[in-house]
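Given next are the chains, with one letter for each unit.
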Amino acid sequence: MVIQKICCIGAGYVGGPTCSVMALKCPDIEITVVDLSKDRIAQWNSNEKLPIFEPGLMEIVQQCRGRNLFFSTDIVSAIRKADLIFISVNTPTKTFGMGKGRAADLKYVEGAARMIAENAEGNKIVVEKSTVPVRAAESIMNILKANNKPNSSYQILSNPEFLAEGTAVQDLLHADRVLIGGEETAEGQEAVRQLSWVYEHWIPSSKVVTMNTWSSELSKLAANAFLAQRISSINSLSAVCEATGADVSEVARAVGLDTRIGPKFLQASVGFGGSCFQKDILNLVYICECLNLPHVAAYWQQVIDMNEYQKSRFAEKVVSSLFNTVTDKRIAVLGFAFKKNTGDTRESPAIYVSTHLLAEGAHLHIYDPKVEPHQIVDDLNSSTMDPDIVNRNVVIHSDAYSATKNTHALIVCTEWDEFVTLDYEKIYADMMKPAYIFDGRKILDHDFLQNLGFHVQTIGKKMHRDVARAWGCFFLLVLGSIPAVSNMGVI
Ligand code: NAD
Ligand code: UDX
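Quick caveat, the model's predicted, so the values are computed rather than measured. (Residues numbered from 1 in each chain as written. Chains lettered and ligands numbered in written order. Predicted model: local features only at pLDDT ≥ 70, side-chain atom pairs only at ≥ 80, totals over all residues. Heavy atoms only, no water.)

Visitor: Explain the overall build of the protein to me, please; I cannot follow it from the model alone.
Guide: When you go through the protein residue by residue, the secondary structure sums to 20 helices and 14 strands. Counting all 491 residues of the protein, 53% fall into the buried class. Contacts spanning at least 24 positions in sequence make up 74% of the contacts within the protein whose residues lie at least 6 apart. Carbon and sulfur atoms make up 55% of the accessible area of the protein, which totals about 21700 Å². (Helix = DSSP H or I, 4+ residues; strand = E, 2+ residues; numbered from the N terminus. Buried < 20%, exposed > 50% of the residue type's maximum accessible area, 1.4 Å probe, protein only. Contact = heavy atoms within 4.5 Å. Areas by Shrake-Rupley, 256 points an atom, 1.4 Å probe, with all protein chains shown as cover.)

And the structure:
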């Protein structure tokens, strides 16, 4: 069999970009991306705005759509005619029941598997593209087999996706590796060859790595756990830097120059966000607990705990620096997405910081270049659980200058490039005094801002004018000559 038609169930951040790039690189294959959501599919078919923002994606969609790339809500016919079906649906953390708050909720994967079982005829290759717990392929196979039509047969493959949001197109075009896990039977290996052939339209065969299904499933969780662990490691050291006068950027540079360690993913920040890291590590923790491996579970749980600590440390620093109260103060929040070049806010640290400040009585003025205003309001409503607070105390702005005008403090929560080149002289002139900047992404020129008159706080670095006083306090404390002071913030 040669793959001629592909169906992808789930037109989200993974299904949309992955199939668009696949359609671009495989003009001989017809690809249909299907979703339950009519709105999402309508947006994928629109020329104005796709449902997700990804640099370079619109151009590819416009080139392929209607040629060999289709977006549809007709899931049944797409399944029927496909030789290969990707399951690319969401696998969020369970919010209730067994494993609540940790286990992956596989209801959407199960729903997709049932739709395949009900509608597929002939031989189909079913590919897990969603991130799933180890041995999820077995559950999918059980559903397919239990509902098997007499004339149908399946091979299940694991093919986890490693793209990062904001760079999805480049990540897909130049993947470090493509992972394919399959059964070690002749039929299983033939299915692996078929999927490899699809990727080899543009990925060198040396980068298409094949392995057993369970290794492939676990490798995805492992990769995300390792990446997040690096961020939590450097963030933990950022707290030491702030307490000692070391600079976390210098420490990260020194550590990353060791070729065994490497420089990537050592950027200290307000904390990691995104739909994957927390969810996938919690899933790994849950799996370890179920496997009676409490030490392994506790080890990975610490990566999440450190991230929570980092977010709360940052939010508390804002309050303590502003004379221990933000009640009725106006604070600008620049950036709401979980990272730059995406409009995605899932698990964004900006939600945590904003909610913390709202609980302290602050008035927030929020601006993000790509996040829709209703998304910001929805996120804050679901986290404060009190729409009244959000209605009264949150204003969404369409540019950074109006968001910062007349505010007491400005917080950078996302590292958007445009925040680096803002006219801070103008911003300073328009802010209340003393004017504070809290750079949660370490992207601004702190010396320049201090010279303008701003009081600057950032992650992993004590600012010059704070250092002398902090060390003075430290030595005095050591000498036991003064009582402990809890707030070292400097006016
Ligand atoms: P998403 O929420 O953006 O998209 C999932 C889509 O699936 C939604 O549009 C939903 O309507 C649709 N869907 C759910 N059940 C369906 C069904 N039965 N039939 C048709 N459509 C259905 O999710 P995402 O961010 O694209 O993530 C998908 C998977 O990929 C997850 O397992 C995630 O962990 C993994 N992943 C995500 C990323 C990322 O950067 N977002 C990267 C790598 C892996
Ligand atoms: C991640 C993985 O990188 C990707 O391989 C996987 O497929 C999905 O999950 P994503 O969440 O889209 O991708 O973005 P990523 O670039 O990994 O950033 C995640 C979070 O970590 C962001 O909030 C980012 O700002 C933060 N981060 C990243 C840091 O705080 N410091 C860093 O050095 C790198």
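Having seen it, we continue.
Visitor: Can you help me understand a nonpolar patch on the surface in this one?
Guide: Taken together, the side chains of Leu291, Leu293 and Val296 present a nonpolar region at the surface, about 240 Å² in accessible area. For Leu291, the position within the fold is in the loop between helix H11 (277-290) and helix H12 (294-321). (Patch = residues over 30% accessible without salt bridge, like charges linked within 9 Å, V, L, I, M, F, W, Y side chains within 5 Å. Salt bridge = Lys/Arg side-chain N within 4 Å of Asp/Glu carboxyl O.)

Visitor: Please clarify how the UniProt feature "active site" (unreviewed entry) in the protein should be interpreted in this entry.
Guide: Under the feature "active site" (unreviewed entry), the UniProt entry names Cys276. By the element assignment, Cys276 lies in the loop between helix H10 (248-256) and H11. (UniProt positions renumbered as here; feature names shortened; annotations may be inferred.)

Visitor: Teacher, can you tell me more about the environment of Ser46 here?
Guide: Tracing the backbone shows Ser46 in the loop between helix H2 (38-44) and helix H3 (57-64). Between the C-alpha atoms of Ser46 and Gln62, which are 16 residues apart in sequence, the distance is 9.4 Å. Those residues in contact with Ser46 that lie beyond four places of it in its chain are Met58 and Arg65.

Visitor: Would you explain the packing of aromatic side chains in this entry?
Guide: Geometry of an aromatic ring pair is reported as the spacing of the ring centres plus the angle between the planes. In the structure shown here, the tally under the stated rule is eleven aromatic pairs. Each ring, one from Tyr424 and one from Phe454, has its centre 6.5 Å from the other, and the planes form 80°; the classification is edge-to-face. On the criterion of sequence distance, the pair formed by Tyr424 in helix H18 (residues 424-430) and Phe454 in the loop between helix H19 (446-452) and strand S14 (455-458) is long-range, its members being 30 residues apart. With respect to burial, Tyr424 and Phe454 carry one shared label: buried. Ring pairs connect the aromatic residues Phe226, Tyr299 and Trp300, which therefore count as one cluster. Here the guanidinium or amino end of Arg135 rests over the ring plane of Trp214, the centre of that ring lying 4.2 Å away. (Phe/Tyr/Trp six-rings, centres within 6.5 Å; stacked < 30°, edge-to-face > 60°. Lys NZ or Arg CZ within 6 Å of the ring centre and 35° of its normal.)

Visitor: Please clarify how the site of ligand 2 should be interpreted in this entry.
Guide: Neighbouring ligand 2 are 20 residues, the closest being Phe162, Leu163, Glu165, Ser269 and Arg441. In this structure, an oxygen atom belonging to ligand 2 sits 2.8 Å away from a main-chain N or O atom of Phe338. Within the side chain of Lys339, an N or O atom sits 2.8 Å from an oxygen atom of ligand 2. Per-element tally for the shell around ligand 2: the top contributor is helix H9 (residues 213-244), with four residues. When grouped by side-chain class, the residues that make up the shell around ligand 2 number eleven nonpolar, four polar and five charged. (Near = heavy atom within 4 Å. Polar contact = N/O pair within 3.5 Å; in protein donor to acceptor, adjacent residues only side chain to side chain. Nonpolar A, V, L, I, M, F, W, Y, C, P; charged D, E, K, R; others polar.)

Visitor: Even after reading the chapter, I still don't get the site of ligand 1, so can you show me in this structure?
Guide: Taken together, the neighbourhood of ligand 1 is formed by 25 residues, with Asp35, Arg40, Thr91, Glu165 and Lys279 sitting nearest. Within the backbone of Tyr13, one N or O atom sits 3.0 Å away from an oxygen atom of ligand 1. For ligand 1, whose free accessible area comes to 830 Å², the fraction covered by protein is 92%. Residue composition of the shell around ligand 1, by class: ten nonpolar, eight polar and seven charged. For the shell around ligand 1, the two domains that each supply at least three residues are domain 1 (5-203) and domain 2 (225-306). (Domains from an automatic or database assignment.)

Visitor: What exactly am I supposed to notice about the nonpolar core here?
Guide: Counting 56 residues, the largest nonpolar core has Ile331, Leu357, Leu410, Ile411, Tyr424 and Phe454 as its most contacted members. Top element by residues in this core is helix H13 (residues 349-359). It accounts for five residues. Summarising the domain contributions, this core has at least three residues from each of domain 2 (225-306) and domain 3 (309-468). In this structure, Leu410 is in contact with Ala332, Leu334, Thr404, Tyr424, Ile427, Met431, Tyr436, Ile437 and Phe438, ignoring residues within four places of it in sequence. Ranked by size, the runner-up nonpolar core spans 45 residues in total, among them Ala23, Phe86, Ala175 and Leu195. (Core = buried A, V, L, I, M, F, W, Y, C linked by side-chain atoms within 4.5 Å.)

Visitor: How should I be thinking about the pairing of strand S2 (residues 30-34) in this particular structure?
Guide: It is a general feature of regular strands that their side chains alternate between the two faces of the sheet. Of all the five residues making up S2, four are buried; the element is thus mostly covered by neighbouring parts of the structure. Bridge count between strand S1 (residues 5-9) and S2: five bridges; the pairing is parallel. Looking across to S2, one finds that Ile6 is bridged to Ile31. Between the parallel pair S1 and S2, the chain is carried across by helix H1 (residues 15-25), and the sense of this crossover is right-handed. One ladder, built from four bridges, connects S2 with strand S3 (residues 69-72); its direction is parallel. (Pairing = 2+ DSSP bridges. Right-handed = clockwise from strand over helix to strand, strands pointing away.)

Visitor: Would you mind showing me how to read the sheet that holds strand S9 (residues 330-334) here?
Guide: Within a beta sheet, neighbouring strands are joined by backbone hydrogen bonds and run either parallel or antiparallel to one another. Read from one edge of the open sheet, six strands run S11-S10-S9-S12-S13-S14, paired in parallel fashion. Of all strands in the sheet, those with a lone pairing partner are strand S11 (394-396) and S14, marking the two edges. Across the sheet, the axes of successive neighbouring strands diverge by a mean angle of 20°, strand direction being ignored. The pairing of S9 with strand S12 (residues 409-412) spans four bridges and is parallel. Within the sheet, the bridge partner assigned to Val333 lies in S12 and is Ile411. (Axes fitted to C-alpha atoms, helices over the stretch in contact; angles between N-to-C directions.)

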